[in-house]
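# Geometric and topological summary
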Amino acid sequence: MEYKNLTSVRVGEISLLLTEATPSLIPFKGDFPLVPQLEYKVFLEEISKSDYFDELPKFLKEIVLKAEQIKMYDDSFKAYLKDMDISKKEFKSKNPVTKLDILYDWLFSNQLDIGILDL
Amino acid sequence: MSNTLIKSKTFANFISGIPNDVSLLKSLTVGDTKVMNGATYIVKMTPSGVPDWRKLKADGTDDDEVDYEKLNNLFDNTDFPDVSDIKVNTSVNLGGSTGAQLVENKKTGEKFVLKKGASVGHVQEEFLTNSLYKLLGARVPEMKLYTSSTSTFILSKFMENTTPANHVLDDVLREEITEHFVADCLLANWDAYKNDNILINDDDGFAIRVDNGGGLRYSAQGRTKGSTNFGGNVDELVSMMLNNKNMTSGITQDMIKEQIQEIVKIQDDILNLIEDFDLKDIMRQRIQFLESKIVSPQAAPSKKKFVASGKELTEKQLEDCFHAVGGDIEKKDNKNGWLFLHEIAKLRGADDIPEVVGVKKFNNLIADKSNILVHRGLTGTSNSTARQYMDEFVAGECFLGNVGIYGAGIYGAVNKERGNYTKSNPAWETALSYANYEEEHIVDFIIPKNAKVIDTEKIDEMMQEEFFGKEFAKKKSELDEEVRNMYEMKNKIEDFEKAIETQVKSDMGWNEKTYDVLLRSRPEAVYADTDKHPFSKALNYFEVVTKSLNGKITKLDEHNFEVSLPNSRNTFILNSHAADIALKQKNEFSVPYNFHYQQFKKFILNNHYKGIEKKVNERITEEKANNADILKYKDSMIESDRKVKSISKEVNDLKTNGNKTMNKIMSAIASRPNGEYRGFYAAIKGYDVMIQEKAHRNSGDDKTFAIILNRSKLIIKKYE
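Just so it is clear, the model here is predicted, and its values are computed rather than measured.

### Some remarks on the overall build of chain B
A tally of helices and strands in chain B yields 26 helices and 26 strands. A separation of at least 24 residues holds for 68% of the contacts in chain B among residues at least 6 apart in sequence. By element, 48% of the accessible surface of chain B is carried by carbon and sulfur atoms, the whole surface being about 34,900 Å².

### Remarks on the overall build of chain A
Scanning chain A from N- to C-terminus turns up five helices and zero strands. Across the 119 residues in chain A, those meeting the buried criterion constitute 50%. Contacts in chain A between residues at least 24 apart in sequence constitute 62% of all its contacts with a sequence separation of at least 6. If you sum the accessible surface of chain A, you get close to 5,800 Å²; carbon and sulfur atoms cover 51% of it.

### Structural notes on the packing of helix α17 (residues 456-468) of chain B against helix α18 (residues 470-508) of chain B
Residue and element names in this part refer to chain B. Packing of α17 against α18 brings their axes to within 7 Å, and their N-to-C directions diverge by 130°. Judged by the angle between their axes, α17 and α18 are oblique. Between α17 and α18, the residues in contact are Q464, E465 and F468 and K470, F472, A473 and K476, respectively. Looking at side-chain class alone, the contact of α17 with α18 contains three nonpolar, one polar and three charged residues.

### Some thoughts on the pairing of strand β21 (residues 571-575) of chain B
All names here are of chain B. Relative to β21, strand β20 (residues 560-564) runs antiparallel, the two being bridged by five bridges. Counted as the bridge partner of F561 is L574 from β21. Linking β20 to β21, which pair antiparallel, is a turn of six residues.

### Remarks on the sheet that holds β21(B)
All names here are of chain B. The strand order β19-β20-β21 describes an open sheet built from three strands, whose pairing is antiparallel. The open sheet terminates on both sides in strands that have one partner only, identified here as β19 (552-555) and β21. Averaged over neighbouring strand pairs, the angle between their axes works out to 25° when direction is ignored. Along the sheet, helix α23 (residues 595-626) makes contact with β20 and β21, crossing β21 at roughly 160°.

### Some thoughts on the interface of chain B and chain A
Contact with chain B, which involves 47 residues of that partner, is made by 38 residues of chain A. Taken together, the two surfaces of chain B and chain A that pack against each other cover about 4,000 Å², and 52% of this comes from carbon and sulfur. There are four salt bridges connecting chain B and chain A. For A:K41, the salt bridge is made with B:D460, and the minimal N-O distance between the two is 3.6 Å. The set of elements that each furnish at least two residues to the side of chain B that touches chain A consists of α16 (426-434), α17, α18, α24 (628-659) and β24 (689-695) of chain B. Residue composition of the side of chain B that touches chain A, by class: 14 nonpolar, 16 polar and 17 charged.

### Considerations on the nonpolar core
Grouped together as the largest cluster of nonpolar side chains are 109 residues, with contacts concentrated most on A:L18, A:F43, A:F77, A:W106, B:F340 and B:I669. For this core, the element with the highest residue contribution is helix α3 (residues 58-83) of chain A, accounting for ten residues. Ignoring any residue separated from it by four or fewer positions in sequence, one finds A:W106 in contact with A:I26, A:Y73, A:S76, A:F77, A:Y80, A:L112 and A:I116. Within the second largest apolar cluster, 55 residues are counted, among which are B:A165, B:C185, B:I263 and B:L271.

### Section: the sheet that holds strand β14 (residues 355-357) of chain B
Residue and element names in this part refer to chain B. Read across the open sheet, the eight strands follow the order β14-β26-β17-β15-β16-β25-β24-β18; overall the sheet is mixed. What marks the edges here is a single partner per strand, and that holds for β14 and β18 (453-455). Taken pair by pair, the neighbouring strands of this sheet meet at an average axis angle of 35°, ignoring direction. Bridge analysis of β18 against β24 gives three bridges, and the strand direction is parallel. The residue of β24 that forms the bridge with I454 is M690. Each of β14, β15 (372-377), β17 (442-447) and β26 (715-717) touches helix α14 (residues 359-367); the most contacted strand, β17, lies at about 50° to it.

### Side note on the packing of α18(B) against α23(B)
All names here are of chain B. Relative to each other, α18 and α23 sit at 140°, their axes nearing to 9 Å. Relative to α23, the element α18 is oriented oblique. Here the hand of the crossing between α18 and α23 comes out right-handed. Packed against α18, whose contacting residues are I493, F496, E497, I500, E501, Q503, V504, K505 and M508, the element α23 presents H608, G611, I612, K615, V616, R619, I620, E623 and K624 at the interface.

### Looking at the side chain of B:S156
Residues and elements named next belong to chain B. Along the chain, S156 turns up in strand β8 (residues 152-157). Note on S156: relative accessible area 9%, which makes it buried. If we ignore the near neighbours within four places in the chain, the residues touching S156 are F80, F112, V113, P141, E142 and M143.

### With respect to the packing of aromatic side chains
All names here are of chain B. Counted according to the given criterion, the structure contains 36 aromatic pairs over all chains. Considering the side-chain rings of F572 and F603, the 5.5 Å spacing of their centres and the 35° angle between planes classify their relative orientation as tilted. Taken as a pair, F572 in strand β21 and F603 in helix α23 lie far apart in primary sequence, 31 residues in all. Each member of the pair, F572 as well as F603, is classed as buried. Put simply, the rings of Y527, Y541, F542, F572, Y597, F600 and F603 touch in pairs and so form one group of aromatic residues. Seen from the ring of F393, R376 lies directly overhead, with NZ or CZ sitting 5.1 Å from the centre. We note K584 situated over the ring of F595; from NZ or CZ to the ring centre the distance is 4.9 Å.

### A few points about the pattern of salt bridges
Within this structure, the stated rule accounts for 54 salt bridges over all chains. Through salt bridges with shared partners, a single network forms among A:K41, B:E457, B:D460 and B:R678.

### Re α18(B)
With 39 residues, α18(B) extends 57 Å from end C-alpha to end C-alpha; this agrees with the ideal 57 Å at 1.5 Å per step. Directly beyond the C-terminal end of α18(B), a positive phi value near 80° is found at B:G509.

### Here's the deal with the side chain of B:K115
Residues and elements named next belong to chain B. Along the chain, K115 falls in strand β6 (residues 111-115). Residue class for K115 comes out buried when judged on its relative accessible area of 10%. Within the local environment of K115, its side chain forms a polar contact with the side chain of D211, the two groups lying 2.8 Å apart. The contacts of K115, once residues within four sequence positions are left out, are A100, V123, E126, F153, I154, D211 and G213.

How each quantity is defined
- Residues numbered from 1 in each chain as written.
- Chains lettered and ligands numbered in written order.
- Predicted model: local features only at pLDDT ≥ 70, side-chain atom pairs only at ≥ 80, totals over all residues.
- Heavy atoms only, no water.
- Helix = DSSP H or I, 4+ residues; strand = E, 2+ residues; numbered from the N terminus.
- Contact = heavy atoms within 4.5 Å.
- Areas by Shrake-Rupley, 256 points an atom, 1.4 Å probe, with all protein chains shown as cover.
- Buried < 20%, exposed > 50% of the residue type's maximum accessible area, 1.4 Å probe, protein only.
- Axes fitted to C-alpha atoms, helices over the stretch in contact; angles between N-to-C directions.
- Parallel < 35°, antiparallel > 145°, perpendicular 65-115°, else oblique.
- Nonpolar A, V, L, I, M, F, W, Y, C, P; charged D, E, K, R; others polar.
- Pairing = 2+ DSSP bridges.
- Buried area = accessible area lost by both parts, 1.4 Å probe.
- Salt bridge = Lys/Arg side-chain N within 4 Å of Asp/Glu carboxyl O.
- Core = buried A, V, L, I, M, F, W, Y, C linked by side-chain atoms within 4.5 Å.
- Left-handed = near helix turned anticlockwise from the far one by under 90°.
- Phe/Tyr/Trp six-rings, centres within 6.5 Å; stacked < 30°, edge-to-face > 60°.
- Lys NZ or Arg CZ within 6 Å of the ring centre and 35° of its normal.
- Expected span 1.5 Å × (residues − 1).
- Polar contact = N/O pair within 3.5 Å; in protein donor to acceptor, adjacent residues only side chain to side chain.

Structural data, given as structure tokens:
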């Protein structure tokens, strides 16, 4: 569907986490924020040059693809926490060992492994 | 005679004791039910091989207790073993979320799958899920629920020859599986399309949903989903589409509508299968929710209503809006989108419905150049059709969007050419692409001259000045220039690399189509069994592939064919004997493949494609090292990066100082200028619309967006 491939639609889906230093409850390894807040205005100008996502330069596509991956896993993990009746606040307040246990539970229940944390 | 009439007539005869015509009975669907005077009747297959009505056994249980015999009778399980005849095959663990075991009937040797679930409740609910699937027409294995004081488990027939649907998914299979997409949503079977939960029975080619332990109130691992996750709304219509794009890509709104209609038709039968009051109530609500999706909205009454705007919200009003969203200004929902923005809109009356006018009046309004003409294109989703979104925009709940890179609000494309409704008009074309190229899904409207309109650049300036002061704005402008330079240099370097890549690939015969085919078609699986697919057939396929890469296949003798490729000295010998003995299979649930053909595919990928990729990288590295322009770009980038870091520090210090004087709400908005939060700021200040110039700049056309914050100000052109 061409609509879904419009740059504004695709970037719009993940825009809020582009400038976050911690874009997810999952401890992804990588350089964050993906787009520093101070550079966001120019980033918007750049992506506006292409109607469709496929037409974006590679280095911009990579940023969006990483963000999409983060969002996909983050949404899944949040749904998992909800299923377990654990709020985001409660999760953040748990000790690192417990957090890791919960993370592994989620990974394994989705047949994922710790390797997905490397972006 | 329709199926409904046949059902009614045969049932009436059964109740009256009148013998039914066999031809009518044969048209009945096994599992169909009817309830009369508190008793449930079901169509069962009789020993004579003809379906007929039977009254379900009354065993005097409480209303709250589930009569599993009723459900068991839906399945063909008369030949299932007694408990004492079940033998566990300890050598095979079938996996799955809660562990399934392969067992045997001691007397007949027939194999079954035994599932206990994570708890008694879990396995009982899984059985109910399967029963509902059966009623809804989706294939599930034949099974039986065994209940006793010591043990409760499901036994289902083990199918020897199956392939996981996800391994062989194609459009035909997708269509078959998603025929029951709405059923999957209704039953909240979130994992339906994951892993090996749907298998293809190799004997008849049909798809079967085999692992439905994550349906209704339980997750796959046996945890209860909770009422917030499994309630009266079938949110799965959206979530299952999003989480299973590969499976659901072909689903259309019409398909969903049809499936909902079928479910609504048999809602009594569905509810009659459920005896748990709470679950029955939830299911009733879920079916009503689905039904609401196929009911048309009322037409919009013509109404003129302008709400006063232009006044900035007071601090109290701002706090009220903030608290109404629990302090989360990014909170959204499916009904109103950005909830913080919606709270502001409610205060202003900006969520009220717009005026709708006829074509003549609309054209007169366009003629006045102080009015702004806008086109809004809409696309359907699994939740609603495009038409429903249009009607909602004009006459329904005020949905203020949930994505918006230029600012939160409702988006439309500004038509500066007025009257030009063709693809040559960038605004019309933009709206058309948002409407997925369906012209009838575009709403035209006017922003009247008395609306308070502001450019997003101006909003940015206002935000900067209010939050951080003039000096910040100056420094930020310097920073932006350096960042622009960095992007420009990156683009130039990428263009340089792209040109080399295109050249090398062209010179060395990279064939994108063949590459795609090799990766997707999996010849090693398709031609795996040489008994079914003789070597000559595979050879034909490989010849086409090799020739497309300017390679050669030379026949050495009857059984040996040498393959050579233009970019490699290596050759590969395709040998018919090797192919015959190369059938492999990782385990009984994985797809068989031909090892020899797999090796050949690897030979092509490594000796042709990988070789070209390696050459591309070598050439890029080599040419970049000596290219004066590239060196210049890199130096420029490094210099800009250095300046960005230095100016960033100054800018951040100014930002921090500015923050000290703001209340927490404005502080939150100040944390994200230039994006979605612009919409919040503009709405707080009393603006009705923002205009984003230079959005989408393909082929040199500058496109302009209008971002609506006050729906009640708009004047809509009536559409059919």
